[in-house]
Amino acid sequence: MTDFDYLQKNVIDRGLCLRCGECVGICPTDAIFVKDFAGLCLPAYKGPCVDCSLCYDLCPGDKVDFPLLARESHPTRHSPYLGDYRRIFYARSTDPEIVAGAASGGIATELLLHALESGRVDGCVVVDFEENRPWMPAVKVVRTREEIVRAAQSKYALLPVAAVLKRLKRDRGRYAVVALPCQIHGLRMMQQKIPLWRERIKYMIGLYCMNMLFYEATRSLFERFRIRDPRRIARMNYRAGAYPGNFEVEETSGRSHRLSKFGFNHLTFFYTMPRCLTCTDQTAELADVAVGDGWKGIERERGVGQSVVITRSVAGDELFESAFQAGLVARKELALADALRMHSNVLDYKKRGGPARVKILRRLGRPVPVYDQDVPAEPLPWHRYVVEALLLLGLRVLSTRLARGLLRLVPLAILDRGVTKIRGVWRYFTRRKIGRRASGKVAAGGTRLVWG
Ligand SMILES: Cc1cc2nc3c(=O)[nH]c(=O)nc-3n(C[C@H](O)[C@H](O)[C@H](O)COP(=O)(O)OP(=O)(O)OC[C@H]3O[C@@H](n4cnc5c(N)ncnc54)[C@H](O)[C@@H]3O)c2cc1C
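Scope of this entry: the structure provided in the associated data block. Keep in mind that this is a model prediction, so the values were computed, not measured.

**So, the packing of helix 16 (residues 344-363) against helix 17 (residues 382-398)**
Turning to step 1, where the next piece is worked out: In contact at an axis separation of 9 Å, helix 16 and helix 17 are set at 75° when each is read in the N-to-C sense. Looking at the two axes, helix 16 sits roughly perpendicular to helix 17. Contact residues: Gly353, Ala356, Arg357 and Ile360 in helix 16; Arg384, Tyr385, Glu388, Ala389 and Leu392 in helix 17.
Turning to step 2, where the next piece is worked out: The residue makeup of the contact of helix 16 with helix 17, split by class, is five nonpolar, one polar and three charged.

**Regarding the environment of Arg188**
Turning to step 1, where the next piece is worked out: On the secondary structure map, Arg188 appears in helix 9 (residues 181-193).
Turning to step 2, where the next piece is worked out: Between the C-alpha atom of Arg188 and that of Ala413, which follows or precedes it by 225 residues, the distance is 42 Å.
Turning to step 3, where the next piece is worked out: Setting aside residues up to four positions removed in sequence, Arg188 forms contacts with Leu69 and Leu286.

**Overview of unusual backbone geometry**
Turning to step 1, where the next piece is worked out: Geometrically, the link from Gly47 to Pro48 is a cis peptide bond, its omega value of -5° lying close to zero.
Turning to step 2, where the next piece is worked out: Within the secondary structure, Pro48 sits in the loop between strand 2 (42-45) and helix 3 (54-57).
Turning to step 3, where the next piece is worked out: Omega for the bond connecting Tyr243 with Pro244 falls within 30 degrees of zero, at 5°, which places this linkage in the cis form.
Turning to step 4, where the next piece is worked out: Looking at the element boundaries, Pro244 is found in the loop between strand 11 (233-240) and strand 12 (246-251).
Turning to step 5, where the next piece is worked out: We note that Arg19 has phi near 60°; this positive angle belongs to a residue other than glycine.
Turning to step 6, where the next piece is worked out: Overall, the presence of 26 C-beta atoms within 10 Å leaves Arg19 in the buried class.
Turning to step 7, where the next piece is worked out: In this structure, Ser53 takes a positive phi of about 70° despite not being glycine.
Turning to step 8, where the next piece is worked out: We classify Ser53 as partly exposed; it has 14 C-beta atoms within 10 Å.

**Observations concerning the nonpolar core**
Turning to step 1, where the next piece is worked out: Membership of the largest hydrophobic core comes to 118 residues, with the highest contact counts inside it found for Leu111, Leu112 and Ile205.
Turning to step 2, where the next piece is worked out: Per-element tally for this core: the top contributor is helix 6 (residues 107-117), with seven residues.
Turning to step 3, where the next piece is worked out: Among residues more than four places away in sequence, those in contact with Ile205 are Ala108, Leu111, Leu112, Ala176, Val178, Ala287, Asp288, Val289 and Val291.
Turning to step 4, where the next piece is worked out: Grouped together as the second largest cluster of nonpolar side chains are five residues, Phe129, Ile233, Met236 and Val249 included.

**Thoughts on the site of the ligand**
Turning to step 1, where the next piece is worked out: Around the ligand, 32 residues are found, and the nearest of them are Ala102, Ala108, Thr109, Val126 and Gly292.
Turning to step 2, where the next piece is worked out: Taken together, the residues of the shell around the ligand sort by class into 21 nonpolar, nine polar and two charged.

**Things to note about the pairing of strand 17 (residues 370-376)**
Turning to step 1, where the next piece is worked out: Counting buried positions along strand 17 gives five out of seven residues, so the element sits mostly inside the fold.
Turning to step 2, where the next piece is worked out: The sheet contact formed by strand 3 (residues 63-65) and strand 17 spans three bridges and is parallel. Looking at strand 17, one finds that Val64 is bridged to Tyr371.

The rules behind these values
Residues numbered from 1 in each chain as written. Predicted model: local features only at pLDDT ≥ 70, side-chain atom pairs only at ≥ 80, totals over all residues. Axes fitted to C-alpha atoms, helices over the stretch in contact; angles between N-to-C directions. Helix = DSSP H or I, 4+ residues; strand = E, 2+ residues; numbered from the N terminus. Parallel < 35°, antiparallel > 145°, perpendicular 65-115°, else oblique. Contact = placed C-beta atoms within 7 Å. Nonpolar A, V, L, I, M, F, W, Y, C, P; charged D, E, K, R; others polar. Buried ≥ 20, exposed ≤ 12 C-beta atoms within 10 Å, placed from the backbone. Core = buried A, V, L, I, M, F, W, Y, C linked by C-beta atoms within 7 Å. Near = placed C-beta within 6 Å. Pairing = 2+ DSSP bridges.

Dropping the structure here:
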């Protein structure tokens, strides 16, 4: 049995693979590759395996020790909802062109540009689209301003970002990487085990993330727009136009199609990768700087994006401060309570619902990851377990071929309105709950829980 067999048996076959790409990137003999990127996107073996065990040891699919991995960052504050951090801000790039082309406030782009142009790094790892297939997201190592700006915007599809390590191993230099929380878990595990990588990956800019979608979700919209051959697509964007943006496809003929950002979210019910249901990190807790949508802004300008920014490590805080001092970002410090309220629905889903879902699945004898993490201490009422059990069942049913097929019969306009309504109600209820905790009416402490 090779070490890859061990990974296959303990992670991949048990449904715990996060598709982060860590095993592909770290393998010293390039024995692992991603099979069917636009499908299940799982690692597969081509050999030879030299039994170094790195693919399994550094895999965040079945285990993450948050306190151990956060220790190096020297954070000064802690919240069981947000993890370890130093400061929290609303922020926006001061360059209107960057904001206009970004997902929210253009902070990720601005920090990458600043890291590169101030000589702190030699290159950046971003997610752009393939040159010849502008409908397929692709991980790229870039070294110029133009390339970084072009890669702005969120790509809501599975992408094994850490597989890029394969390339970074060959190229010399220091890098800044933009990645999702689970991808950062693996990269931090690697830095812990192989200290050389602490120098090589100088900054990790983490994106808030509720879940990832199979690429099939994107493809289902092509069908909705009656685009049978993707070669008809000239340009695509997940969040084009005024904030919060639209999923937009432009055909070579000039015809274009769009669906609002919240309308796009209906796909979450049908195409979420199941492993995301047992991930309890919404805010990239191990990043140097974490960035998410700032749903309440510095100034309330309609249609102009803004970000919520959490600086976590000394290096991340210094980079953000330096960008501010250089006049590249506008910012306003944000109280913890406001940061919690702003994302109350998803924080509740991840930090209270996540551990509940793990418990339910474990009771049912299903594989779950072993996380060592601080989570909100207050016990959940029994009916919350019922809700989470129904959610697990519901998402399972909705991800079947039949449900996905039936979905196509529902007009997009109805889905758009429905999902926007659901989001409003969800936010209303969780804001009150999380707000009470944030304002101290209910103990906001955490408890360190090792589960799995
Ligand atoms: C899959 C996914 C889920 C998300 N879920 C949430 C959420 O629930 N709540 C929330 O507040 N925010 C979420 N975000 C983050 C949000 O969409 C913005 O990316 C974030 O606010 C940063 O905005 P910005 O304007 O600063 O970034 P920009 O300046 O637009 O730069 C974005 C950077 O992210 C990189 N990138 C794009 N897609 C990916 C990807 N799939 N993997 C790794 N890097 C990528 C780009 O290369 C670019 O450098 C999610 C993002 C993604 C990709």
